[in-house]
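# Observations on chain architecture
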Amino acid sequence: MLIRNGNIILKSKVISGDLRVKHGVIVEMGPDLLKAPGEEVLDAAGRYIAPGGIDAHTHLDMPCGDITTADGFRCGSLAAIAGGTTTVLEYAECAEGETLQQGLANWHRKAVGKSFCDYGFHMTVSAWTEDTPAQMAAAAAAGVTSFKTYTAYQKDIGVDDYALFRIMREAARLGALVCVHCENDGLLRALSEDLEARKGEVSAHPDSRPNLVEAEAVSRAADIGMLAGSAVYIVHISTKEGAEAVRRARDRGQTIFGETCPHYLLLDRSRYDLPGFEGAKYVMSPPLRTPEDQHALWEALRNGGLQTVSTDHCAFRFADQKTLGREDFRKIPNGIPSVEHRMELLYTYGPAQGMTLPQIAAVTAWNPARIFGLSHRKGQIAPGYDADLVLLDPDAPHVLSAAAQMQAVDYTPYEGMQVRAKVETVLLRGQVLMENGRLTAETPMGQYLIREPFHQETREE
Ligand code: URP
Ligand code: ZN
């Protein structure tokens, strides 16, 4: 296939030109490539050609108490493709008493034959036992080169500082990095208890988790990572202070990366004051913050203080799942849908916030690829790379709405939001899965990605 006349977003510049794709891989790039006999031609005039999105943080088919997230791999990956994301890195978890291998096998079962996009797994480690090093080693050997820990939820899947240090040191030995959900468990439990009298109010949720609950945990995770000699990736940073803590750790030479999400960039905590129970649509942890925090997060993306924008896609239906917390904000299932909208949001609002197109491509594709061991084949447009490509119309204003989405959930937090950039055509390893806004994918062709170990030189770029 020859893709002609596009504005191709490269790592450091945008060029106009053509791309040739053969056997699922980009083989040639340049101006005025000649059409070979029998070659299919795709016209990309007036379109950006962006690297297929890599969403490094999703929860699909994830149990949460007695319920399960609304999107499984089939719907979630179709939604990803519809939104220009060609790879997801999903958080696999163990049920109580399971080994990491059992948890991983379970997540493979959920995904295999169902995923329309390529996928890899991070593995959550929720305890340190005698057997944990061997289980982590087996996971890393199977291509799971990142582990997840929670500093929150200590009574459930969270780990204390002792376990975090041990897990980090083991990860460093294995060439893996450790992703950390940073909220101080003791503080948020105490503050939640203190809000008993307001338990019927959604607006108590952000009050139970002020900025310092996140920032303290980010600083501590960074310090523990420094002592353990481990590469650290802080997930879903929502605050100015959290981003500053990552920046301080990077400035002292530490290998640490920070992720934020579209909702922290584009929505603020006023959503929790919406009438009735409407604010529950925006309940995730950490919560939405202030415009000042949003400003700081955009600034950190522009100046390299944060490296990725992933979604933390974790969809619960409003009608029958979010309502479990109608009487008590602490019981509202945490999480929101957004895998489908990340790329259009970033390619619309990123330029308005002073980000260049290569910077947007970096935070949505290249940086997740290089941090998570996929930089040998994914995340950029260059000969030899998988032909995971997104043709975006930069000037096709439309409104996001649940009525038009693939996500199997009855709302979107971005309802009514205007976006200009429109994902039109999506290729995964050279196969057209969406063309001119119409999904053409029929059978799930997503492949499991065995990821490479973490390389220290990754920090430098
Ligand atoms: O509220 C959230 N973020 N739900 C998803 C699970 C997690 O903590 O990342
Ligand atoms: Zn998450």
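Rules used in this analysis
Residues numbered from 1 in each chain as written. Chains lettered and ligands numbered in written order. Predicted model: local features only at pLDDT ≥ 70, side-chain atom pairs only at ≥ 80, totals over all residues. Heavy atoms only, no water. Donors = N, O, S within 2.8 Å, 3.2 Å for Na, K, Ca; no water. Tetrahedral: all angles 85-135°; square planar, octahedral: opposite > 155°, others 65-115°. Helix = DSSP H or I, 4+ residues; strand = E, 2+ residues; numbered from the N terminus. Phe/Tyr/Trp six-rings, centres within 6.5 Å; stacked < 30°, edge-to-face > 60°. Buried < 20%, exposed > 50% of the residue type's maximum accessible area, 1.4 Å probe, protein only. Lys NZ or Arg CZ within 6 Å of the ring centre and 35° of its normal. pLDDT = per-residue confidence, 0-100. Near = heavy atom within 4 Å. Polar contact = N/O pair within 3.5 Å; in protein donor to acceptor, adjacent residues only side chain to side chain. Areas by Shrake-Rupley, 256 points an atom, 1.4 Å probe, with all protein chains shown as cover. Nonpolar A, V, L, I, M, F, W, Y, C, P; charged D, E, K, R; others polar. Pairing = 2+ DSSP bridges. Contact = heavy atoms within 4.5 Å. Axes fitted to C-alpha atoms, helices over the stretch in contact; angles between N-to-C directions. Salt bridge = Lys/Arg side-chain N within 4 Å of Asp/Glu carboxyl O.

## Looking at the coordination of the zinc ion (ligand 2)
Around the zinc ion (ligand 2), the protein contributes the donor atoms H57 (NE2), H59 (NE2) and D312 (OD), at 2.0 to 2.1 Å from the metal centre. Because the angles between the four donor atoms bound to the zinc ion (ligand 2) fall within 87 to 135°, the donor set is best described as irregular. Spacing between the donor residues of the zinc ion (ligand 2) along their common chain follows H-x1-H-x252-D. Of this pair, H59 sits in the loop between β6 (53-58) and β7 (63-64) while D312 sits in the loop between β15 (308-309) and α11 (342-352), and the two are 253 residues apart along the sequence.

## Some details on the packing of aromatic side chains
As enumerated under the stated definition, the model contains eleven aromatic pairs in all. Aromatic pair F318 and Y411: ring centres 6.5 Å apart, planes at 65°, arrangement edge-to-face. One end of the pair, F318, is in the loop between β15 and α11; the other, Y411, is in the loop between β17 (398-399) and β18 (418-419), with 93 residues separating them in the sequence. Grouping residues by exposure puts F318 and Y411 together as buried. Among the aromatic residues, ring-to-ring pairing joins F73, Y119, F121 and Y448 into one connected group. The lysine or arginine in question, K110, covers the ring of W107, its NZ or CZ lying 4.4 Å from the ring centre. Note that K148 overlies the ring of Y91, its terminal NZ or CZ placed 4.0 Å from the centroid.

## Concerning the confidence of the model for the chain
For the chain, mean pLDDT is 97; residues scoring 70 or higher make up 99% of the total. β7 is the least confidently modelled element of the chain, averaging 96 in pLDDT, while helix α9 (residues 262-266) averages 99, the highest of any element.

## Some details on the site of ligand 1
The local shell around ligand 1 consists of H57, H59, K148, Y150, H181, H236, M284, S285, D312, C314, N334 and G335. Contact between ligand 1 and H181: an oxygen atom at 3.1 Å from a side-chain N or O atom of the residue. N334 places a polar main-chain atom, nitrogen or oxygen, 3.2 Å from a nitrogen atom of ligand 1. The fraction of the free accessible surface of ligand 1 (270 Å²) that becomes covered by protein chains is 95%. A per-class count over the shell around ligand 1 returns three nonpolar, seven polar and two charged.

## Some words on the sheet that holds strand β10 (residues 118-124)
The eight strands lie next to each other as β6-β9-β10-β11-β12-β13-β14-β15, forming an open sheet whose pairing is parallel. In the strand order of this sheet, the two ends are held by β6 and β15, each with one partner. Alignment of strand β11 (residues 146-150) against strand β12 (residues 177-181), held across five bridges, turns out to be parallel. When the sheet's bridge partners are listed, T149 is paired in β12 with V180. Its contacts with the sheet place helix α4 (residues 161-174) against β11, β12 and β13 (232-234), and it is angled at close to 150° to β12. Against the sheet, helix α12 (residues 357-371) touches β6, β12, β13, β14 (256-260) and β15, its axis set at about 65° to β6.

## A word on the pattern of salt bridges
Per the stated rule, a full pass over the model turns up 29 salt bridges. The shortest N-O distance in the salt bridge between R220 and D161 comes to 2.5 Å. Here R220 is found in helix α7 (residues 211-228), whereas its partner D161 is found in helix α4, with 59 residues between them in sequence. Since its relative accessible area comes to 21%, R220 is described here as partly exposed. In this structure D161 comes out as partly exposed when scored by relative accessible area, which is 36%. Ionic pairing is found between D328 and R330, a salt bridge with its closest N-O pair at 2.9 Å. Take R330: its relative accessible area is 31%, and that puts it in the partly exposed class.

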